Amino acid sequence: TPLKNFDRIASSTFNEYKTFAVSIGFLIIQAPDTKQAREHRQQIWWAVDLMRVIVRNTSNQEHMKALFPNLLSKQRLTHLLKLTGCCHYLISPAFLSVALPEIKVALSESRLKMEDGLKHLPTETHLVIEEIHMWFRTVRGCALNLLGIAAKETPNLFHSVATGD
């Protein structure tokens with residue numbers, strides 16, 4: 001299932017920012033996109049979006065409280081925090097100062113800036129850059145959304161994960 005695959009990838013990927021960057025294809029953007037990086041991107045996307053969809057479609061408060069311990073377990077909350085940490089690292093000045101031009105365009109803050117940046121890059125890289133731009137924005141948004149809901153719905157669990165207790 002997407003969630004089990006997410007747990008498997010997350011446990012080996014999100015602890016180290018460079019591994020995370022490689023797994024989603026940022027550091028190999030000039031080379032042909034590898035099958036493994038593409039699969040990792042899909043698995044992470046599907047899982048995070050699936051969690052978001054389940055939470056969004058749970059309007060009953062009691063049902064939400066029953067659902068949370070399984071859907072956003074301590075382990076998954078930890079992974080989501082690490083995922084957002086990785087995403088923040090990838091748009092940090094320290095990372096961007098040494099990043100390839102293609103990576104800087106893929107991480108542009110808006111679609112318009114990305115499209116403007118594409119004009120100066122080889123056309124064979126455009127599809128990968130567009131895919132990563134969309135992937136990054138969607139996954140980061142979904143993860144932050146889930147963390148916000150977890151902080152509100154299960155404050156004790158969220159606090160213990162956030163503080164490492």
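These numbers were taken from a predicted model, which means no experiment stands behind them.

Quick rundown of the packing of aromatic side chains? Include the residues and the values.
Under the counting rule described, the total for this entry stands at 6 aromatic pairs. Geometrically, the ring pair formed by F20 and W135 is tilted, given 6.3 Å between the ring centres and 50° between the ring planes. Here W135 lies in helix α9 (residues 126-153) and F20 lies in helix α2 (residues 17-23), a separation of 115 residues in the sequence. One exposure class covers both F20 and W135, and it is buried.

If you had to explain helix α8 (residues 111-118) to someone new, which residues and values would you point to?
Taken residue by residue, α8 has M114, G117 and L118 as its buried positions. Down the axis of α8, the smallest arc covering the buried residues is 105°, so these residues share one side.

Describe the nonpolar core, and please don't skip the residues or the numbers.
By size, the foremost hydrophobic cluster in this structure holds 48 residues, and its most contacted members are F20, F26, I44, L72, L80, L83 and L90. If one sorts the elements of this core by residue count, α9 sits on top with 12 residues. When residues no more than four places from it in sequence are discounted, the contact partners of L72 are M51, L77, L80, L146, A150 and L157.

Just give me the short version of the confidence of the model for the chain, but keep the residues and values in it.
For any part of a model where pLDDT is low, the fine detail of the predicted coordinates should not be relied upon. On average, residues of the chain carry a pLDDT of 88, and 96% of them reach 70 or more. Confidence, expressed as mean pLDDT per element, reaches its minimum in the chain at helix α4 (residues 61-71) with 77 and its maximum at α8 with 96.

Could you give an account of the packing of α4 against α9, with specific residues and numbers?
Running from N to C, α4 and α9 cross one another at 105°; their axes reach a closest spacing of 11 Å. Between α4 and α9, the interaxial angle falls into the category roughly perpendicular. Where α4 abuts α9, its residues Q61, M64, K65 and F68 lie against I149, A150 and E153. Each residue belonging to the contact of α4 with α9 can be placed in one class, and the counts come to 4 nonpolar, 1 polar and 2 charged.

Cut-offs and rules
Residues numbered from 1 in each chain as written. Predicted model: local features only at pLDDT ≥ 70, side-chain atom pairs only at ≥ 80, totals over all residues. Heavy atoms only, no water. Phe/Tyr/Trp six-rings, centres within 6.5 Å; stacked < 30°, edge-to-face > 60°. Helix = DSSP H or I, 4+ residues; strand = E, 2+ residues; numbered from the N terminus. Buried < 20%, exposed > 50% of the residue type's maximum accessible area, 1.4 Å probe, protein only. Arc of directions from axis to C-beta. Core = buried A, V, L, I, M, F, W, Y, C linked by side-chain atoms within 4.5 Å. Contact = heavy atoms within 4.5 Å. pLDDT = per-residue confidence, 0-100. Axes fitted to C-alpha atoms, helices over the stretch in contact; angles between N-to-C directions. Parallel < 35°, antiparallel > 145°, perpendicular 65-115°, else oblique. Nonpolar A, V, L, I, M, F, W, Y, C, P; charged D, E, K, R; others polar.

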